[in-house]
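These are the residues of each chain, in order.
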Amino acid sequence: MKHIVISGIGLFEGGPLSVYYDCLQTVKQMKLYLSYQITAFVHKRELFQEFTDIVQIIELPDARKCYFLRAYYEFVYFYQFSKKNHIDIWLSLQDITPNVIAERKYTYCHNPLPFMKKNIRNARYSPKVVFFSYIYKYIYRINIRAAAAVIVQQDWLRQEFLKRYPVADVIVARPEMMEKRKIIDKSRMNKQLVFIYAAYPRFFKNYEVILQAAKMMESKGIYDFEVWLTIDGSENKYACELKDKYNELKTIRWMGLMPRDELIEKYGEADCMIFPSMLETWGLPISEFKETGKPMILADLPYAHEALAEYDKAVFFDPKDKKQLARLMKMAVNGKQFYQRQEGIRIIKPYANNWGELFHILLLDE
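Residues numbered from 1 in each chain as written. Predicted model: local features only at pLDDT ≥ 70, side-chain atom pairs only at ≥ 80, totals over all residues. Heavy atoms only, no water.

Draft legend 1. Structural view of the overall build of the protein. Assigned secondary structure in the protein consists of eleven helices and 15 strands. Over its C-alpha atoms the protein spans a radius of gyration of 22 Å, differing by no more than 12% from the 21 Å that the globule rule assigns to 366 residues. For the C-alpha atoms alone, the extent of the protein along its principal axes is close to 70 × 40 × 40 Å. Taken over 366 residues, the protein has a buried fraction of 54%. In the protein, the share of contacts with a sequence separation of at least 24, taken over all contacts with a separation of at least 6, comes to 64%. Entry remark: accessible area of the protein is about 17,500 Å², with carbon and sulfur atoms responsible for 50%. Averaging the locations of the 53 positively and 44 negatively charged side chains of the protein gives two centres separated by 5 Å. (Helix = DSSP H or I, 4+ residues; strand = E, 2+ residues; numbered from the N terminus. Rg over C-alpha atoms; globule rule 2.2 N^0.38 Å. Buried < 20%, exposed > 50% of the residue type's maximum accessible area, 1.4 Å probe, protein only. Contact = heavy atoms within 4.5 Å. Areas by Shrake-Rupley, 256 points an atom, 1.4 Å probe, with all protein chains shown as cover. Lys, Arg positive; Asp, Glu negative; His and termini not counted. Charge placed at Lys NZ, Arg CZ, Asp CG, Glu CD.)

Draft legend 2. Here's a closer look at the packing of helix H1 (residues 14-30) against helix H11 (residues 355-362). H11 packs onto H1 with a crossing angle of 75° between their chain directions and a minimal axis gap of 9 Å. On the basis of their axis angle, the class for H1 and H11 is roughly perpendicular. Judged by residue contacts, Val19, Asp22, Cys23, Thr26, Val27 and Met30 of H1 engage Trp355, Gly356, Phe359 and His360 from H11. Its residues assigned to classes, the contact of H1 with H11 comprises six nonpolar, three polar and one charged. (Axes fitted to C-alpha atoms, helices over the stretch in contact; angles between N-to-C directions. Parallel < 35°, antiparallel > 145°, perpendicular 65-115°, else oblique. Nonpolar A, V, L, I, M, F, W, Y, C, P; charged D, E, K, R; others polar.)

Draft legend 3. Molecular detail of a positive patch on the surface. Where like charges cluster on the molecular surface, the positive patch consists of Lys215, Lys220, Lys245, Lys322, Lys323, Arg327, Lys330 and Lys336. A total of four residues in the positive patch trace back to one element, the largest contributor, which is helix H10 (residues 322-333). Examined against the element boundaries, Lys323 turns out to sit in helix H10. (Patch = residues over 30% accessible without salt bridge, like charges linked within 9 Å, V, L, I, M, F, W, Y side chains within 5 Å. Salt bridge = Lys/Arg side-chain N within 4 Å of Asp/Glu carboxyl O.)

Draft legend 4. How the structure looks around the nonpolar core. Formed by 84 residues in total, the largest nonpolar core has its most connected members in Phe161, Phe195, Ile297 and Met329. Here this core takes seven residues from helix H5 (residues 207-219), the largest share from any one element. In this structure, Met329 is in contact with Phe195, Ala213, Met217, Phe225, Val227, Ile274 and Ile297, ignoring residues within four places of it in sequence. Core analysis: the second largest hydrophobic core is formed by 34 residues, Leu11, Val27, Ile38 and Ala40 among them. (Core = buried A, V, L, I, M, F, W, Y, C linked by side-chain atoms within 4.5 Å.)

Draft legend 5. Expanded view of the pattern of salt bridges. Using the criterion set out here, one finds 15 salt bridges in the structure. We note a salt bridge from Lys163 to Glu160, for which the minimum N-O separation is 3.7 Å. You can see Lys163 and its partner Glu160 sitting in helix H4 (residues 155-164), three residues apart, about one turn around the helix. Taking relative accessible area as the criterion, Glu160 reaches 16% and is therefore assigned buried. Here Arg253 ties to Glu226 by a salt bridge, and the two come within 3.8 Å at their closest N and O atoms. Here Glu226 lies in strand S9 (residues 225-229) and Arg253 lies in strand S10 (residues 252-254), a separation of 27 residues in the sequence. Classification of Arg253 as partly exposed rests on a relative accessible area of 34%. Taken together, the salt bridges that share partners define one network made up of Glu310, Asp312, Arg341 and Glu343.

Structure representation (structure tokens):
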């Protein structure tokens, strides 16, 4: 049997961990384990119990203790493993191209931080995020020439990699929602028009523009709407500052973080999504809310255009322009049609709509 290794020892929560799950779910659905020996390096074995019967799971629990240990695994431990075992394909799911001996190596890059507009003042909210926004471009560069291809989720990221790095090829692979949830429309029960924004409170999520727009509307006597935010001020310093500054607004509901099932219910109850984030690898809430068929007001940025694709009820706005957002919100409140049909973006090959198509690309030469 030919040997495929998948490494993701730094993935333990959120979207990146979902990428790992979706990858292994596709291995299971395509029954690749019948034709290939598959080894998966993980942070915690218990997170991958459902795959232990089809994949050799190797747990490296110390990988997240410090960056020196992470580097040791990527450049020393994995190299020793690859010397002892013939590897046909090594797929790294965590941004770093490891130092390994393999017929072909692929690196899945999630993190858009190197492409974020830098502002050192944001260090007061998250020194770690700001620090990595400066050094991550160097992390990506390490050993990247050895990769047969880099894998990213959107075409704008592909263009950035081709522009900045000596890469042989870049594959665009859309993230796939393996567990689609049926969203029940309950928005007709609302007494007021409800906007919703679902995002963890990081400074680049740009909550301010929504709060500023709501404040402008209240100053003009417009109160017949609500904005549901999935923060309550307790999450971190950024959220705390937002709550302190805008807590007097009567149209804001500080709902706090919630489980995905509960959030899906809120999508069904809301009338319109606002998504003003300045930086995303994909923009999962856009894909999720799109299932409702309801209007969306989205940041006029490449990630949002790609995540939305074709849709009948969306409009894009300058995410720094509170006045423009307030105008669009007012039109929605007054029942005016503020949205229009959006056409999808044509993405050139190599391109995969899901993990199944991506595996066909990766295994093409087998």
